[in-house]
Amino acid sequence: MGIIQIELFATLDLVAQAPGGPEEDPEGFPFGGWQAPLLDDVTGTQVDSAYEGTDALLLGRRTYDIFAAYWPQHEGDQDFEIAELFNRVPKYVASRGTPDLAWAGSTQLGPDLPAAVREIRDRHENIKVVGSLDLVQTLLREKLFDRLDLWVHPILLGVGKKVFDGGAVPSNLTLLEPPATSPNGTVHLLYGLAEGTPGTGDMGAPDRGV
């Protein structure tokens, strides 16, 4: 069984809407493209490394449409290894509508999304979920992910769709690598889904050992 890894860029208040550009998800959101001023070589290298070994993409409809219009036009560009990767691997689209699947290797998932995701998890080794916040909420709620790759940027927006916007259920996570910072203050965090649910305790209890 393969792993499902969610890739997300977020602000310090965990807004993850439209980091890439104003046209990405503009409805009611005035900060599209907020990530661009904060990018640096360190973050770029971290992102490139995160996609090593990817053999499938799992995308929501909006992200798929943006990617399908962009990446096929950029294969062969200098330093665009990600374009070659995205164009080559299978793409699975979570949508209730009828997306244009002209991008080579694209397949629409069936109406039973959890079951469809489990099927592709059995079919691939390393599945990446990029952006796709509505899809992410479903994966969090169903615990259908293995890793959460999160870049937290040093800005506060106060508005916008958030990483854990109603989809999360009580879960334990394990930090898989030490946090890594970039010159612009972005922190890269890689978590793995762990067994069980969060426990509770009394900070004043004698078994705290203080």
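For the structure itself, look to the data block above.
Residues numbered from 1 in each chain as written. Predicted model: local features only at pLDDT ≥ 70, side-chain atom pairs only at ≥ 80, totals over all residues. Heavy atoms only, no water.

### Looking at helix H4 (residues 113-123)
To be explicit about the condition: Think of it in three bands: residues with accessible area under 20% of the maximum for their type are buried, residues over 50% are exposed, and the middle band is partly exposed, with areas taken using a 1.4 Å probe on protein chains only. Every helix listed is a DSSP run of H or I at least four residues long, and every strand listed is a run of E at least two residues long, numbered separately from the N terminus. As used here, the arc belongs to the directions running from the helix axis to the C-beta atoms. Contacts: residue pairs with any heavy atoms within 4.5 Å of one another.
Every buried residue of H4 is listed here: Leu113, Pro114, Ala116, Val117, Ile120 and Arg121. Buried positions in H4, seen along its axis, are confined to an arc of 160 degrees and lie on one side of it. For H4, the elements touching its buried residues are strand S1 (3-11), strand S2 (56-60), strand S3 (91-94), strand S5 (126-130) and helix H5 (133-142).

### Quick word on the nonpolar core
Cut-off, in case you're wondering: By nonpolar core we mean a set of buried residues, namely Ala, Val, Leu, Ile, Met, Phe, Trp, Tyr and Cys, connected to one another through side-chain atoms within 4.5 Å.
In terms of nonpolar packing, the biggest core is built from 28 residues, with Ile6, Leu8, Leu58, Leu109, Val117, Val129 and Leu139 touching the most fellow members. The set of elements that each furnish at least two residues to this core consists of S1, S2, S3, H4, S5, H5 and strand S6 (147-153). When residues in this core are grouped by element, the largest group, 5 residues, is from H5. Core analysis: the next-biggest nonpolar cluster, separate from the first, contains 23 residues, Trp34, Ala83, Val89 and Trp103 among them.

### Notes on the side chain of Gln35
To keep it simple, the criterion reads: Any pair of nitrogen or oxygen atoms within 3.5 Å is treated as a polar contact; in protein, a donor-acceptor pairing is required on top of that, and neighbouring residues in sequence qualify only through side-chain atoms on both sides.
Turning to its location among the elements, Gln35 is positioned in the loop between S1 and helix H1 (41-50). On the basis of relative accessibility, which here comes to 8%, the residue Gln35 falls in the buried class. Polar contacts involving the side chain of Gln35 include one to the side chain of His153, which spans 3.4 Å. Non-local contacts of Gln35, meaning those with residues more than four positions away in its chain, are made with Phe9, Pro19 and His153.

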